Amino acid sequence: MVEERVWQVENEGTLARSWEQKLKPRVEPRVRRRRALAPWTRTVGWIASMWAGAAVATFLAIHVMTMSYHYDQLNQEYAAVTRQNQSLQMSVASLTSASALQADAVRLKVAVVVPARVARKGVAPAQHAAKSATFMQQVTQWMQNLSTSLGR
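Residues numbered from 1 in each chain as written. Predicted model: local features only at pLDDT ≥ 70, side-chain atom pairs only at ≥ 80, totals over all residues. Heavy atoms only, no water.

Caption draft 1: Main features of the overall build of the chain. Within the chain, the secondary structure is distributed over 5 helices and 0 strands. When the elements of the chain are put in sequence order from the N terminus, they spell out α-α-α-α-α. Counting only residues that meet the buried cut, the chain has 3% of its 152 residues in that class. (Helix = DSSP H or I, 4+ residues; strand = E, 2+ residues; numbered from the N terminus. Buried < 20%, exposed > 50% of the residue type's maximum accessible area, 1.4 Å probe, protein only.)

Next comes the structure, spelled out in structure tokens:
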């Protein structure tokens, strides 16, 4: 077997190729580097989030105070209307009471007559007594009987 020895001989061609390889720009795959955030961005973000939270809390507090004010106003109006209703009920009761009727009768010089029950045609007295009327119906019936007796 014959051995071949390769001798590295520095001649112009090999020297140029070796320097060409050394100076040639290397083509590497481009790796995108993530841009690093500035060190102050976390602090600014934290302050902005705290400010936003405070703004939301302030808005909610103002809303609660406004609704509380409206509730108080409505509650006062309701109390005033309730007092008016009570005074109206008292005046109606005083105008329609038996003593008021008696006072009006004395002032008008009219005798007050207790209305007698008038049997209606076609209604048996037993059937009429069997029905239990409410208080309002009894008062209404009494007033109707009173008006018919005064009209005679």
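Caption draft 2: Representation of helix 1 (residues 12-23). Its 12 residues place the ends of helix 1 16 Å apart at the C-alpha level, agreeing with the 16 Å of an ideal helix rising 1.5 Å per residue. For helix 1, the buried fraction is low: 0 of the 12 residues fall into the buried class. (Expected span 1.5 Å × (residues − 1).)

Caption draft 3: Layout of the packing of aromatic side chains. By the definition in use, this model includes 0 aromatic pairs. Across from the ring centre of Trp19, 4.8 Å away, lies the NZ or CZ of Lys22, which sits over that ring. (Phe/Tyr/Trp six-rings, centres within 6.5 Å; stacked < 30°, edge-to-face > 60°. Lys NZ or Arg CZ within 6 Å of the ring centre and 35° of its normal.)

Caption draft 4: Unusual backbone geometry, seen in detail. The phi angle at Lys109 is positive, at roughly 60°, despite the residue not being glycine. Within the secondary structure, Lys109 sits in the loop between helix 3 (98-108) and helix 4 (125-130).

Caption draft 5: Just a nonpolar patch on the surface, in detail. Taken together, the side chains of Leu15, Trp19 and Leu23 present a nonpolar region at the surface, about 350 Å² in accessible area. Within the secondary structure layout, Trp19 lies in helix 1. Taking relative accessible area as the criterion, Trp19 reaches 46% and is therefore assigned partly exposed. (Patch = residues over 30% accessible without salt bridge, like charges linked within 9 Å, V, L, I, M, F, W, Y side chains within 5 Å. Areas by Shrake-Rupley, 256 points an atom, 1.4 Å probe, with all protein chains shown as cover. Salt bridge = Lys/Arg side-chain N within 4 Å of Asp/Glu carboxyl O.)

Caption draft 6: Focus on the pattern of salt bridges. Applying the stated criterion across every chain, the model contains 1 salt bridge. For Asp104, the salt bridge is made with Arg107, and the minimal N-O distance between the two is 3.4 Å. Of this pair, Asp104 and Arg107 both sit in helix 3, 3 residues apart, which is roughly one turn of the helix.

Caption draft 7: Focus on the confidence of the model for the chain. Here the chain shows a mean pLDDT of 81. Residues at 70 or above account for 82%. No element of the chain has a lower mean pLDDT than helix 4, at 51, and none a higher one than helix 2 (residues 41-96), at 93. (pLDDT = per-residue confidence, 0-100.)

Caption draft 8: Summary view of the environment of Arg117. With respect to the element layout, Arg117 can be found in the loop between helix 3 and helix 4. Under the relative-accessibility criterion, Arg117 is labelled exposed at 73%.

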